[in-house]
Structures are given as C-alpha cells and as structure tokens.
Amino acid sequence: PPTEGRPDTIIVGGGIGGLSTAFALAREGLRVRVLERAKEFGEVGAGLQIAPNCTRILDEYGLLEEAKELGVVPENMVMRDALDSRELVRLDLGELERRYGFPYMVIHRSDLHGLFLRACREAGVDLVTDQTVVDYENLENTAGGARITLADGHTEEAPLVIAADGLRSVARQKLIGDDVVSSDYVAYRAAVPIDAVRDNGIAEKDVTVYVGPRCHFVQYALRGGDMFNQVAVFQSPKALAGQEDWGTPDELDAAFEGTCETVGKGIPLMWRDRWWQMMDRDPIDTWVHGRIVLLGDAAHPPLQYMAQGAIMAIEDGWVLARHVSRLRAEDAAPSAVDWDAALAAYEAVRVEHCRRVLTTARAWGELWHLDGPERLQRNAIMRGLDPAEYAFTDWVYGPTALFPDEEPPMFQPIPLASADIEQSETAVSD
Ligand code: FAD
C-alpha cells in the first residue's frame, strides 16, 4: 500500500536507478516514495548490456529469470575493426559466466525498467508521476532529514532524500554546481525486427562492437532474438566547430562512409528523429550532503563505452540497502537506521569504484576511435590479448564491493605508447 504519513525515504527520479533503489530499500522494510517528473514511468532508447556484476544483483532480487526471459544471453562479445571488419578480440560469454557465476545479458531498456516498476509495486513502493522537484534542503536539525520543494510549491520531508534525477540532476546543480562535459560524440539508436538485418552479415548470437576512426557501431539481438539493437556513435564535426545544432543525420551518414559492409548496411536503419549527444561529468568525491544523497547518473554519469551506467546505478541502490540492513538493530523498527553511518559507508566504497569506471570509459572511448598508425597499433595489441586474462574484467564484473578493501585492483589501460610498431605492422599484414 502507498505510504501513509512521512516516508522513510523519498527518491527523486523513477529511472532505472531510482526504481531499483526503491525496490532495494523496500525489501529492507522501509517506506519509500518515488517522485518522477514524467507523466508516466518509462524509458526511452533501445538495448542495455547487463554484465555479471549486475545479473548477480538481479539474481539476489529474484528478478534474474524474468530478465533472462525478456532479454537475450549472447554467446560472445566480439570487437572488430569497423573499416576492414577483422576480428580484434573475442570474449566467450559462457566462459565469462563460469568465471563470475552469473550471465552477461542484454535486455530492452523498457523491459528492465518495467521489471523494476512491477517489483516496486509489489513491494508497496509509493510511486508518483508528474512531480518535478525544483529544490532540496537539509532540515535545520540535519538528523531530522531533508526537504524537497516541487514545481507547484508544495514541500515534502523524509529522513533521507535520494536524488536519482539523472545527468541533468537539479540536486547536483544545487549541491555541486559543476557542468556536464560534452564529448563531441553523438549516439544514434535503433531496435529493428531481426528479419530486417538477417542479410547484413550480422552475428545474431553475439554482442559485436565495430571500432573505427572517430566512430563505432554496436549490434546485438534483443527480446528473445526477435529484435536487433544497433547503436551508431561518432564524433560530430559540427560539435568540434562549436555549432549548437550538432550530431544531425547528415553527419551520421558522413561519419560511417568507408566502413565495412555490415556497418554500412546498418546505418540506414538507424532512427533519425532522435539522437543522443554524449556527455558525462568529471568524477566528484562527495555524494552525501547531510541527508541528501546523489545516486546513479546524478552522481556519476559516464560515457557509455564501458556499458556500466545503468549497472552502477543498480549497484548503488544495492550497496546502500546492504548498509541499511547492516546498520539497524535487529529488534528495532525497519526505519531505525543509523543513516549517517549507512551513507558514509555507501560513499566510502561507491565514489572510488565509479570514478574508476568513468575515467576508464573515457580512455576506452579514445582507444576505440583511433585512426592511422595508432589504429593499427591498437589492433595489433588487441589481437594479442588473452581473453582468459581476467584482470581486464575482474575489477568491474566481479562482486560489487561493500567496503573499500573489497574493491579489486584496477586494470591498467592498454599501454599504447609503449607498443612495438613493428609488431603491429606484422600483425596487420598476417
Ligand atoms: P535516468 O535514466 O536519467 O533517470 C532519471 C529520472 O529522473 C528520469 O526518469 C527523469 O524523468 C527523472 N527526473 C529528472 N529530473 C527530475 C526532477 N527534477 N524531478 C523529478 N524527476 C526528475 N548503461 C548500462 O548499464 N549498460 C549499457 O549497455 C548502456 N548503454 C548505453 C547506451 C547509450 C547510447 C547511453 C546514452 C547510455 C547507456 N547506458 C548504459 C547508461 C544508462 O542508460 C544510464 O547510466 C542510466 O539509465 C542512468 O539511470 P538513472 O536512473 O541514474 O538516470
């Protein structure tokens, strides 16, 4: 039933971060209220990759089987060069599942969002749409909680307010005041019936990433294999020239001229009425301000090259709920949480992990988009990688850390500068 009286937690934003956190806290017995700006709960866009560090959490929530039914568990993750289409590296996702105990899967965004929405309803989360939050403040006695103000002027209070309001977070603006960082790259998306692409030379059972000069192209099947997801990302010359209207469809076509046949055949299928200018923000150290806390993209919006944005948001909620559970006397009411300790523990572990993902995503993007001799060098190094060398993935796909000392050492980005150019030329001509 909807919360009567004051909730234990108000969550601003009903995206994947807000809803998954609402569910995680409701499972701990807390009364949770979600306020969403849109008229209806929903997600725009197409596919999401969900790595083992997230399917592990879905499993704990009892949602993994349904997620798998709605999505696809691909066989391999393959990286290819977008110009000559040669394979650079192949990760056997069956092996990956054996290593981490949980699958690497892909799912339609709206299916994952819908899964959390249903779970929240069943858990009694109070879900309210058409609510735009315009201001946040801690109560004078911070231990009493925080207050939010909505666009219609009314206010609400709770012991904890979680801002899960995305890249353009109002809370982030008020508490930190930093700007988004434009990458000058733009993403086009499309989810099409599988029959529309069967003759395009696609690998239906794989996640394939074609990396090319200033562009890349991602493909994988969705919805039990009935649909095919494509993402085309490229650097916009208009953005570099400082023009406002950047990333337009004419730029899409020009960016992918000269790419291999499979990519070339995919480009005309991209949705052309909507595109996503790729932005992130610099990592920040402080997500907790009294009883107002940032979560998901509001705290750590990444460039999407690690495919960990939604996952980090889901991990945030899981970590917070675990600390809530730990920092509550067993015989006390569910709401008797030591919030200061729980929030400190959340911040202590999540800030550093997400900083690593954000900075690696930026570096990874640069590596994908190389041109000329550096592209050839990269290709040679990639072909020489041992996919069974899990140092690449342990730090991100392993179990989500609850405490800083559980965080595995970070994989060092590929030392491109020290690569042997002769070796790369040999490898390219083989
Ligand atoms: P959002 O999804 O932005 O949700 C914020 C919510 O808050 C929205 O519902 C919004 O309406 C609401 N809101 C905003 N302001 C207010 C307000 N003032 N008052 C009330 N409500 C408000 N991640 C992955 O894990 N895997 C992937 O494969 C992947 N691929 C991606 C591909 C692309 C092209 C892009 C762009 C992103 C990708 N991501 C991926 C990242 C992922 O989409 C985001 O990190 C994730 O959706 C963030 O979720 P969130 O709930 O924090 O924010």
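Residues numbered from 1 in each chain as written. Predicted model: local features only at pLDDT ≥ 70, side-chain atom pairs only at ≥ 80, totals over all residues. Heavy atoms only, no water.

This part is about the environment of glycine 177. Inspection of the secondary structure assignment puts glycine 177 in the loop between α6 (170–175) and β12 (181–193). With relative accessibility at 39%, the residue glycine 177 sits in the partly exposed group. With 220 residues separating them along the chain, glycine 177 and tyrosine 397 place their C-alpha atoms 32 Å apart. (Helix = DSSP H or I, 4+ residues; strand = E, 2+ residues; numbered from the N terminus. Buried < 20%, exposed > 50% of the residue type's maximum accessible area, 1.4 Å probe, protein only.)

Take the sheet that holds β12 next. On the basis of which strands lie adjacent, the open sheet formed by seven strands has the order β5-β4-β13-β14-β15-β12-β16 and mixed pairing. The outermost strands of the open sheet, each flanked by one partner alone, are β5 (87–92) and β16 (276–280). Put simply, the sheet's adjacent strands are angled 20° from each other on average, direction ignored. Of the strand pairs in this sheet, strand β13 (residues 206–212) and strand β14 (residues 215–222) are connected by five bridges, and their pairing is antiparallel. From the neighbouring strand, glycine 212 faces β14, where its bridge partner is cysteine 215. Sheet strands touched by helix α4 (residues 93–100): β4 (76–81) and β5. Its angle to β5, the strand with the most contacts, is close to 45°. (Pairing = 2+ DSSP bridges. Axes fitted to C-alpha atoms, helices over the stretch in contact; angles between N-to-C directions. Contact = heavy atoms within 4.5 Å.)

In this model, helix α1 (residues 16–27) (12 residues) spans 16 Å end to end at C-alpha, consistent with the 16 Å of a helix rising 1.5 Å per residue. With respect to burial, α1 is a largely interior element, 11 of its 12 residues being buried. Turning to α1, its buried residues are Ile16, Gly17, Gly18, Leu19, Ser20, Thr21, Ala22, Phe23, Ala24, Leu25 and Ala26. Looking one or two residues beyond α1, the residue adopting positive phi is glycine 29, at roughly 90°. (Expected span 1.5 Å × (residues − 1).)

Counting buried positions along strand β15 (residues 227–235) gives nine out of nine residues, so the element sits mostly inside the fold. By the alternation rule, side chains of β15 split into Met227, Asn229, Val231, Val233 and Gln235 and Phe228, Gln230, Ala232 and Phe234, which are all buried. As paired elements, β12 and β15 share nine bridges and run antiparallel to each other. Directly across from tyrosine 185, in β15, lies its bridge partner glutamine 235. Alignment of β14 against β15, held across eight bridges, turns out to be antiparallel. Looking at the pairing, glutamine 219 lines up with glutamine 230 of β15. Hairpin geometry of β14 and β15 is characterised by an intervening segment of four residues between the two adjacent antiparallel strands and by a positive phi of about 45° at arginine 223.

This brings us to the packing of α1 against helix α10 (residues 309–326). Two elements in contact, α1 and α10, have axes whose closest approach is 8 Å; the angle formed by their N-to-C orientations is 20°. With respect to α10, the axis of α1 lies roughly parallel. Classified by chirality, the crossing of α10 by α1 is right-handed. The residues of α10 that touch α1, namely those facing Ile16, Gly17, Ser20, Thr21, Ala24 and Leu25, are Ala310, Ala313, Ile314, Gly317, Ala321 and Val324. (Parallel < 35°, antiparallel > 145°, perpendicular 65-115°, else oblique. Left-handed = near helix turned anticlockwise from the far one by under 90°.)

Turning next to the pattern of salt bridges. Oppositely charged side chains can pair when the atoms bearing their charge come close. Tallied over the entire structure, the rule returns 37 salt bridges. Linking aspartate 126 and arginine 33 is a salt bridge whose minimum nitrogen-to-oxygen distance equals 2.7 Å. Taken together, the positions of aspartate 126 in strand β7 (residues 126–128) and arginine 33 in strand β2 (residues 32–35) put the pair 93 residues apart, joining distant regions of the chain. Among the residues examined, arginine 33 registers a relative accessible area of 17% and is labelled buried. For aspartate 195, the salt bridge is made with arginine 198, and the minimal N-O distance between the two is 2.6 Å. If you follow the salt bridges from partner to partner, you end up with Arg6, Glu137, Arg147 and Glu157 in one network. (Salt bridge = Lys/Arg side-chain N within 4 Å of Asp/Glu carboxyl O.)

Turning next to the packing of aromatic side chains. Applying the stated criterion across every chain yields a total of 11 aromatic pairs. A centroid spacing of 5.5 Å and a plane angle of 15° characterise the contact between tyrosine 188 and tryptophan 275, whose relative ring orientation is stacked. With tyrosine 188 in strand β12 and tryptophan 275 in the loop between α9 (261–266) and β16, this residue pair connects regions lying 87 residues apart in the sequence. Overall, the relative accessible area of 0% leaves tyrosine 188 in the buried class. Here phenylalanine 217 and phenylalanine 256 contribute two aromatic rings whose centre-to-centre distance is 6.1 Å and whose plane-to-plane angle is 65°, an arrangement assigned as edge-to-face. A residue pair is termed long-range when its members are at least 10 positions apart, and phenylalanine 217 in strand β14 and phenylalanine 256 in the loop between α8 (249–255) and α9 qualify at 39 residues. Ring pairs connect the aromatic residues Tyr188, Phe217, Phe234, Phe256 and Trp275, which therefore count as one cluster. The ring of tryptophan 276 has arginine 189 lying over it, and the distance from NZ or CZ to the ring centre is 4.2 Å. (Phe/Tyr/Trp six-rings, centres within 6.5 Å; stacked < 30°, edge-to-face > 60°. Lys NZ or Arg CZ within 6 Å of the ring centre and 35° of its normal.)

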